[in-house]
There are 2 protein chains.
Amino acid sequence: MNTASAPIDFYFDFTSPYGYFAATRIDALAAQFRRAVAWHPILLGAVFKTTGAQPLTMVPLKGDYAFHDFARTARFNGIDYVRPAQFPIATQAAARAMLWIHAAHGGHRASNFALAAYRAYFVDGTDLGDPVAVAAIAASLGLDGAAVAEGIQTPEIKAQLKLGTELAIERNVFGSPFFIVDGESFWGFDRLDQVRHFLQHGSI
Amino acid sequence: MNTASAPIDFYFDFTSPYGYFAATRIDALAAQFRRAVAWHPILLGAVFKTTGAQPLTMVPLKGDYAFHDFARTARFNGIDYVRPAQFPIATQAAARAMLWIHAAHGGHRASNFALAAYRAYFVDGTDLGDPVAVAAIAASLGLDGAAVAEGIQTPEIKAQLKLGTELAIERNVFGSPFFIVDGESFWGFDRLDQVRHFLQHGSI
């Protein structure tokens, strides 16, 4: 894709419902403004160690509301969503698989995998924390599942995810989804309207 | 105001910028659906003791972003906003004043005071944590400033704010702004679009 400007940085964790919602929208939004999207899977657990935060659903009072809001926000936006049996999950396997696919097959197949993984987890009830399930999702996209299963165990891919998360924290990424557009940071699926405005006008 | 249905419960803390933004919108939104609004000042500090949360601006990584987002979201929505020199502030005086005004002069003057107090703090740079400033705001609205200053020191008003905050926590109110419409909870200025949809259709 030829773009007029730098890509939009899109940070997300695979266990983040709002990250999933954003993932279903960000490429189309960016394309309207001739922008590419750089998809960055990160580990929110490592980020939360820095911020002292914990998953929304584990915070007193917020837990039930959070699950209710996930489902309601999905309906409000016409996005498929079924509450996963396991939540949150460890997302190392999915994130590493995405990085491996990016290295082996490029960004387009990597973001396709991310969307398929999100859908498997948040619609089809797949346990995305399971590396076997992750490899199966890759295989369902025509990729070599065995190669993915092997790839996510390599020290190079593990180091790449660790570094990617550290670099995100250095850029003050503290949640999912998180967007950086021309140096301007936006946190949350709720901020896509501001991202759109910023892409259109160059400022808010 | 005659309303077809129960009022919308609107919970807010006077040091909450998103609470301020919501306060500028909620009455007009409710009126479109023939709803009244019950304005409930609460103390987020007491709520945060239950949830373990702390003000956004004090969380590592989030602080600078939060201030940036306050200003940007205000601009995006056409709401006046100037970053207060003191943030956050103790909001007992403002909240108690609102409750006293409600008891003495009714809900309409109480919500007018709330809007004036928010504006004094988030636009004019008034130190809203100062009871003297709070009484002066009331006086600027034609109320008896000395009576307000005295009223907010009474055990009855102090107990009322404590009870109001406890009742809010019992309803799982954990942030500001927070809306409850016919039993449905919405957290955040970002959720006013969903509140509108819910008022219009009765469900989401």
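Sequence positions are assigned chain by chain, starting from 1 and proceeding in written order. The lettering of chains begins at A and the numbering of ligands begins at 1, in the order of writing. Where totals are concerned, whole chains, interfaces and linings use all residues; where local detail is concerned, this predicted model gives features only for residues with pLDDT of at least 70, and gives and counts side-chain atom pairs only at 80 or more. In computing side-chain values, all of the structure's heavy atoms are included and hydrogens and water are not.

So what about helix α7 (residues 131-140) of chain B? Which residues, and what values?
Residue and element names in this part refer to chain B. Along α7, the positions that sit buried rather than exposed are A133, V134, A135, I137 and A138. In what follows, residue pairs with any heavy atoms lying within 4.5 Å of each other are defined as contacts. Strands are runs of DSSP state E lasting at least 2 residues, helices are runs of H or I lasting at least 4, and numbering of each runs from the N terminus. Those residues of α7 that are buried lie in contact with α5 (92-105), α6 (107-122) and α8 (145-151). Counting of polar contacts relies on pairs of N or O atoms within 3.5 Å, with two restrictions inside protein: one atom must be capable of donating a hydrogen and the other of accepting it, and residues adjacent in sequence are counted only when both atoms are side-chain atoms. Where α7 starts, the residue carrying a side-chain oxygen 3.0 Å from the main-chain nitrogen of V132 turns out to be D130. Looking one or two places after α7, you find G142, whose phi comes out positive at around 90°. Partly exposed describes any residue whose relative accessible area lies between the buried limit of under 20% and the exposed limit of over 50%, with all areas from a 1.4 Å probe on protein chains only and scaled to the type maximum.

Residues and numbers for the relation of the copies chain A and chain B, please.
The copies are overlaid by a least-squares fit using only the C-alpha atoms of residues whose pLDDT is at least 70 in both copies. Take chain A, turn it by 180°, move it 0.0 Å along the axis, and it overlays chain B with an RMSD of 0.0 Å. One copy is carried onto the other by what is essentially a two-fold rotation axis. No C-alpha of chain A approaches the rotation axis more nearly than that of D190(A), which lies at 3.2 Å. Same-surface contact between copies: 100% of interface residues of chain A are shared with the interface of chain B.

Tell me about helix α4 (residues 62-76) of chain B, residues and numbers included.
Between the first and last residue of a helix there are one fewer steps than residues, each counted as 1.5 Å, and that sum is the expected span. With 15 residues, α4(B) should reach 21 Å at 1.5 Å per residue; the first-to-last C-alpha distance of 20 Å fits that figure. Along its buried surface, α4(B) packs onto β3 (178-181), β4 (184-187) and α10 (192-201) of chain A together with α1 (17-23) of chain B. Following α4(B) by one or two positions, G78(B) has its phi on the positive side, about 70°.

Break down the sheet that holds strand β1 (residues 8-12) of chain A for me, citing the residues and quoting the values.
Residue and element names in this part refer to chain A. Pairing is mixed across the open sheet formed by 4 strands, whose spatial order is β2-β1-β3-β4. The open sheet is flanked by β2 (37-41) and β4, the only strands paired with a single partner. Ignoring strand direction, the axes of neighbouring strands in this sheet form an average angle of 20°. For β3 and β4, the ladder comprises 4 bridges, and the chain directions are antiparallel. Note that in β4 the partner of V181 across the bridge is E184. Two strands qualify as a pair provided that DSSP identifies no fewer than 2 bridges between them. Note on geometry: axes are C-alpha line fits, over the in-contact stretch for helices, and angles between N-to-C directions span 0 to 180 degrees.

Outline the environment of A85(A), listing residues and values.
Tracing the sequence through the fold places A85(A) in the loop between α4 (62-76) and α5 (92-105). Judged by its relative accessible area of 81%, A85(A) falls in the exposed class.

Pulling in residues and values, what's your account of the sheet that holds strand β4 (residues 184-187) of chain B?
All names here are of chain B. With mixed pairing, the 4 strands of this open sheet are ordered in space as β2-β1-β3-β4. With one partner strand each, in any of the chains shown, β2 (37-41) and β4 form the two edges of the open sheet. Going from strand to strand, the sheet's axes swing by 20° on average, the running direction of each strand aside. Here strand β1 (residues 8-12) pairs with strand β3 (residues 178-181) via 3 bridges, running antiparallel.

I'd like a rundown of the pattern of salt bridges, residues and numbers included.
Each salt bridge in this description consists of a side-chain nitrogen of Lys or Arg and a carboxyl oxygen of Asp or Glu lying within 4 Å of one another. Taken as a whole and judged by the stated rule, the model has 16 salt bridges over all chains. One salt bridge connects E166(A) with K162(A), and the closest N-O pair in it is separated by 3.2 Å. One end of the pair is E166(A) and the other is K162(A), both in helix α9 (residues 155-170) and 4 residues apart, which spans about a single turn. Between D80(B) and R119(B) there is a salt bridge; the shortest N-O distance is 3.0 Å. Taken together, the residues span a long stretch of sequence, with D80(B) in the loop between α4 and α5 and R119(B) in helix α6 at a distance of 39 residues. The class of D80(B) is partly exposed, set by a relative accessible area of 41%. Each member of the salt-bridge network shares a partner with another, and the members are D69(A), R72(A), D190(A), E184(B) and R191(B).

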